[in-house]
Amino acid sequence: MSQELRFDGRVAIVTGAGNGLGRQHALLLASRGAKVVVNDLGGGRHGDGKSSAAADAVVEEIRAAGGEAVANYDSVENGAAIVQTALDAFGTVDIVINNAGILRDVSFQKMTQDDWDLVYRVHLKGSMSVSHAAWPIMREKGYGRIIMTTSAAGIYGNFGQANYCAAKLGILGLAHCLAEEGRSKNILVNTIAPLAASRLTETILPPEMLALLKPEYVSPLVAWLCHEDCEDTKGLFEVGAGYIGKLRWERTQGHSFNTSRAMTMDEIAGKWSKITDFTDSEHPSTTNESFGTILANLNKKSLGGNEFIDLDAASKDQIVTTNAYDERDLALYALGVGAAANPLDESELHFTYELGDGFQALPTYGVMPALNAYLNLAKDGKSLQGLNYGLDRVLHGEQFTEILRPLPPHAKLTHTFRFKEAYDKAPHAVVVMAVDTVDETGEKLAYNEISTFVRGAGGWGGDRGPSGDVNVPPAREPDAVIEEKTADNQTLLYRLSGDWNPLHADPNFARAFGFEKPILHGLCTFGYVGRHVIKSFCGNDGRRFKSIKVRFADSVFPGETLITRMWKESDTRVIVETKVKERDSVVIRNAAVELYAEIPQVKAKPAAVAAAGAPAPAATGASAALLPEDVFNVLAAHVAAHPELVDKVKTVFQFNLKNPASSWTLDLKNGQGVCQPGVADKADVTLDMDSEHIQTVVTSSLADVQKLFFSGKLKIGGNVMASNKLIVLQEIPSTAYEAERAKRVAAGGGAAAPVAAADAPLEPSDVFSAITDYLGGHPELVEKTKTVFQFNLKNPDSQWFLDLKNGGGACGQGAADKADVTLEIDAELMPAIVTSSLADVQKLFFSGKLKVTGNIMASNKLIALQAIDRKAYEAAKVKRLASGTASGGNAPAAVAAKAAHAPAILEALGKRLAGQPINGSLLIKVPEVGCWLLDGSSVGSVADSVPAQTTVTLADDDLLRLAQGKVDLRDLYQHGQVRVDGEVALARQLSVLGGLV
């Protein structure tokens, strides 16, 4: 900083200022012009005794150096007397530094009530007493700085200091509360946790360390926190030996338990690792942020469940995993489900012999890749969240498999597992998992529903599911019957396709589960059934097979004979039932197979890397926005005309755009430079974004581009810092892009199709027009609500007010003179504020998407607007679109349009700056009015992309209030009505506006 920070005209009270830290605080403030009340009782470090000598000595030291100071000898418990000394001597109080303290160290077991009480009275009660006496004075004058002194012992705990630790942490709580209460009155409250040589540390630290812990390394921080230029409040700082660090609270993501049922300590123990995991921690700084997660959990409508099945968690989770198969897998599977038992049967050889004519997959293989992925997840201990049971509880109950088109002979697959539903069959449960399977191009090949019977997992009172049987065989002889004996080693062959469950291979394991020998896999029987239908109704051509749904009714032992009976309901549907001949037991029931009338065709795959950079064809007509091709055509022309950019930039940029997808290379490193569609061989910087943001990246200020980056809308890979070099593109005039767009439109390219009224989103103007109409017929809202609401919208920026407090009420565009509540939100979310439930609005608030200042509780009164029929907003939208206004619209008709004040004010300011120039350059942005650059003694209207050291954005009405002297910039800033980007200190020079009007 170029000028010394001073405290001329400020009055400071420093308690415990006779020695150590307090003395150094007092000396430093006085040396910078402050008038200081040096308070010290003059007692010992244990709180005994009294003397005026210490305070007097410091006062004399200050006066000898040319400063002003008076002594005070009262106990800090008598804060009123200390503050009165300041008033008598200097007439006011601006700064309070609560530094006084004593020690009564003793273990908790040996601590007396006097030990506890005296430490509490000096530290916590004393800090309260002095601050409380000064508080009304600070509130009245609209200015104050308070410093509290805590300790590492209070923050972290320390043996033998229970009284001291409790008092010191209590001081931090007091400071946090006062920071919130004082914020609107410009009373800033901060806390330090110092480590320095003093009477309180000389008995616990060695002399050589004390010599290094000088108070001189603590007091400068205290002085800065007391200065009017420091805008921090509610801060906690550790300081000592030249180190300064800011602390904050941290908590884990935690776990939200289901509130529709009792919570048990066993569940807590089961989630303890998650509850205590700080990997993705968060840092709440207000009670609202702290309560947000808790209140969100209260507002959740629970689906139910128990310790085995948490329906809320399961319904929100999904798992994506991959695997692959080839011709060998298909042939092995076909053998595993009994195909080609007769190797000379040519009708089944095409399922097992990949070198023969017409090799194809048995369609029931469509379940295997998904099931194998599921079993591998289980082997690794992974499952969908909320499904808290192991395979030991599970029986495969039902299976549905759908094949979208004939399976290719080999493929790389991606499977997405998600919970579909669960049925409470108390005491058991049925859980249905859905699995979508796509190939490497994203084409969906198969869909599976795996229904598992989970023993002992029911009883939460949920839906029992469908009642009654489906797919019941008709009361007539079947249309086809196939009898087939399974091999004695069928399980050992089938398990090679991926189902490793030892129940199907290990005799001892099977006996442990009550079976005389390993049982056949249910899905092996499932494969037999599919084969039997294909042979009977498809001429053994599996390509017509669409889907199969079965219910597993009983176990099958290897070597038993399967009898599958089939009833043809139509050319595309067959009812199936399978039983074991030897035991006359039905093993597959309520089964149905659907067939395709025609074999589905394979979808044409997109050409590999064809026209990698070519944007999607655009619709015809006029286009309101720049397209990526406009931007990169302009860049290509600019690079061709300015080869010197290569030496300046020396960077290759890769742009990967989405919606629609395209890739572009800007090479400002090699040769003469080039801009072209496609992917760079070796990019230094990669930028990923939606296509709509490319205009901002190349035409807007660095600050606007950084906003995209920090909001996650722009992702940068590689050399992130080098991305700043794109600022060279701002040399290109915006007219060049517009000319390119106009050229494209004239040629019939790149138009956006007209938006139908039903598809067009609500705009803020629609919302406030409907509210204006409703207010005209319901003046009683004013008496019920008694609140003025200010809405500050972003993307795009606009301001709206809703006065339900004065007269008959009013609603319109602009800033309210005096708002009770200010709401800041993206324009696209504005309709949700007035049309959604209170719970949904609270979600916006607790997620940070809605910011509310002022009387936060009064914002709940907006629920009165839910009486407005949704059709009223739609009618306002239709009216706007019919008028030819596609977006934005004007203020409601009830509010007369006002002439902007900014041009006249800035013209007058230009005359004033001629004799009273400012330092640096300031850009004043008045949304929907214009931008003006203040540079030294000149003022000029400019484009909003002109660079400046500081940019100040505010509404036209707020600019008028500044020029009238009705409000200062600090007030507008604290209420969120002005935005400052760049060097904040320069913005203070706008006080020059005062008195212009």
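Comment text from UniProt for the chain, heading Sequence similarities (unreviewed entry), reads "Belongs to the short-chain dehydrogenases/reductases (SDR) family." As recorded by UniProt, the Pathway (unreviewed entry) comment attached to the chain reads in full: "Lipid metabolism; fatty acid beta-oxidation."

Draft legend 1. Looking closely at the nonpolar core. Counting residues in each nonpolar core, the largest one holds 73 residues, and the members touching the most others are Ile309, Leu387, Phe417, Phe419, Val431, Met566 and Val576. Among the elements that make up this core, the one with the highest residue count is helix α18 (residues 522-537) (8 residues). Sequence-distant contacts of Ile309, defined by excluding residues within four places in its chain, comprise Gly304, Gly386, Leu387, Tyr389, Ala429, Val431, Ala457 and Trp460. Ranked by size, the runner-up nonpolar core spans 34 residues in total, among them Tyr164, Leu174, Ile187 and Val189.

Draft legend 2. Examining the environment of Leu996 more closely. Here Leu996 is to be found in the segment after α32 (984-987). Sequence separation between Leu996 and Leu909 is 87 residues; the distance between their C-alpha atoms is 7.1 Å. Residue contacts for Leu996: discarding those within four places in its chain leaves Ile905, Ala908, Leu909, Arg912 and Ala963.

Draft legend 3. How the structure looks around the confidence of the model for the chain. Of all residues in the chain, 91% attain a pLDDT of 70 or more, and the chain-wide mean is 86. Scored below 50 in pLDDT, residues 751-758 shows 15 contacts in the model against residues more than four places distant or in partner chains. Below pLDDT 50 for its whole length, residues 889-898 participates in 17 contacts with residues either more than four positions away or in separate chains.

Draft legend 4. Quick look at empty space enclosed by the protein. On inspection of all chains with the given rule, the structure shows 2 cavities of 30 Å³ or more. Quantified by volume, the largest cavity comes out at close to 40 Å³. Forming the boundary of the largest cavity are Tyr325, Gly366, Pro369, Leu407, Leu413, Thr437, Leu445 and Ala446. Here the lining of the largest cavity is built from residues that sort into 6 nonpolar, 2 polar and no charged. Reported here for the second largest cavity is a volume of approximately 30 Å³. As for the second largest cavity, its lining consists of Tyr374, Tyr389, Val431, Met433, Ile450 and Thr452. Of the residues contributing to the lining of the second largest cavity, the split by class is 5 nonpolar, 1 polar and no charged.

Draft legend 5. Region of the structure containing helix α4 (residues 113-141). Between its first and last C-alpha atoms α4 spans 41 Å; for 29 residues at 1.5 Å apiece the expected length is 42 Å, and the two agree. At Lys125, α4 is bent by approximately 40°, the largest bend along its length. Just beyond α4, the residue with positive phi is Gly142, at close to 70°.

Draft legend 6. Molecular detail of the packing of helix α1 (residues 20-31) against helix α8 (residues 219-226). Viewed as axis vectors pointing N to C, α1 and α8 meet at an angle of 55°, and their least axial separation amounts to 9 Å. Relative to α8, α1 is oriented oblique. α1 and α8 meet at a crossing whose hand is right-handed. In contact with Leu21, Gln24, His25, Leu28 and Leu29 of α1, α8 contributes Ser219, Pro220, Val222 and Ala223. Split into classes, the residues belonging to the contact of α1 with α8 amount to 6 nonpolar, 3 polar and no charged.

Draft legend 7. Geometry of the pairing of strand β13 (residues 444-454). When you tally the buried positions in β13, you get 9 out of 11 residues, the bulk of the element. In the sheet, strand β10 (residues 394-403) pairs with β13 via 9 bridges, with the strands oriented antiparallel. Within β13, the position partnered with His396 by the bridge is Thr452. As judged from the 10 bridges shared by strand β12 (residues 428-438) and β13, these two strands associate in the antiparallel manner. Its bridge partner being in β13, Ala434 is matched across the sheet by Glu449. From the end of β12 to the start of β13, which pair antiparallel, there are 5 residues, and Gly442 there has a positive phi angle of about 95°.

Draft legend 8. Region of the structure containing the sheet that holds strand β3 (residues 68-72). Spatial strand order, β3-β2-β1-β4-β5-β6-β7-β8: 8 strands in an open sheet with mixed pairing. Of all strands in the sheet, those with a lone pairing partner are β3 and β8 (243-247), marking the two edges. Mean inter-strand twist for the sheet, computed between neighbouring axes without regard to direction, equals 20°. In terms of strand pairing, strand β1 (residues 11-14) meets strand β2 (residues 35-39) through 4 bridges, oriented parallel. Directly across from Val14, in β2, lies its bridge partner Val38. Contacting β2 and β3, helix α2 (residues 53-64) runs over the sheet at an angle of about 175° to β3. Across the face of the sheet, helix α3 (residues 79-90) comes into contact with β1, β2 and β3 while running at roughly 145° to β3.

The rules behind each value
- Every chain's residues receive numbers from 1 upward, in the order its sequence appears when written.
- Totals for whole chains, interfaces and linings use all residues, but because this is a predicted model, local features are given only for residues with pLDDT of at least 70 and pairs of side-chain atoms are given and counted only at 80 or more.
- The basis for every side-chain value is the complete set of heavy atoms in the structure, and neither hydrogens nor water enter the calculation.
- UniProt positions are given in the numbering used here, feature names are shortened, and annotations may be inferred rather than shown by experiment.
- Among buried residues, the Ala, Val, Leu, Ile, Met, Phe, Trp, Tyr and Cys ones that are joined through side-chain atoms within 4.5 Å form a nonpolar core.
- Burial status follows relative accessibility: with a 1.4 Å probe on protein chains alone, a residue under 20% of its type maximum counts as buried, one over 50% as exposed, and anything between as partly exposed.
- Think of it this way: any DSSP run of H or I at least four residues long counts as a helix, any run of E at least two long counts as a strand, and we number them from the N terminus.
- Contacts between residues were defined by any pair of non-hydrogen atoms, one from each residue, lying within 4.5 Å.
- pLDDT measures the predictor's confidence residue by residue and takes values from 0 up to 100.
- Residues are said to line a cavity or pocket when one of their atoms sits within 4 Å of a point; the points come from a 1 Å grid over protein atoms alone, cavities being sets where a 1.4 Å probe fits but cannot get out and pockets being open sets with protein on both sides within 12 Å along at least five of seven lines.
- Grid points are joined across faces, edges and corners, and a volume is the space filled by probe spheres set on the points.
- Note on residue classes: Ala, Val, Leu, Ile, Met, Phe, Trp, Tyr, Cys and Pro are nonpolar, Asp, Glu, Lys and Arg are charged, and everything else, Gly too, is polar.
- Helix span, as expected, comes to 1.5 Å for every residue beyond the first.
- The term bend refers to the angle at a residue between two fitted axes, each drawn through seven residues, those ending there and those starting there.
- Each axis is a line fitted through C-alpha atoms, taken for helices only over the stretch in contact, and angles between the N-to-C directions span 0 to 180 degrees.
- Oblique is the label for any angle not under 35 degrees, not over 145, and not in the 65 to 115 range, which are roughly parallel, roughly antiparallel and roughly perpendicular in turn.
- Helix crossings fall into two classes, left-handed where the near helix is turned counterclockwise from the far one by less than a right angle and right-handed where it is turned clockwise.
- DSSP bridges decide pairing: two strands pair if at least two such bridges lie between them.

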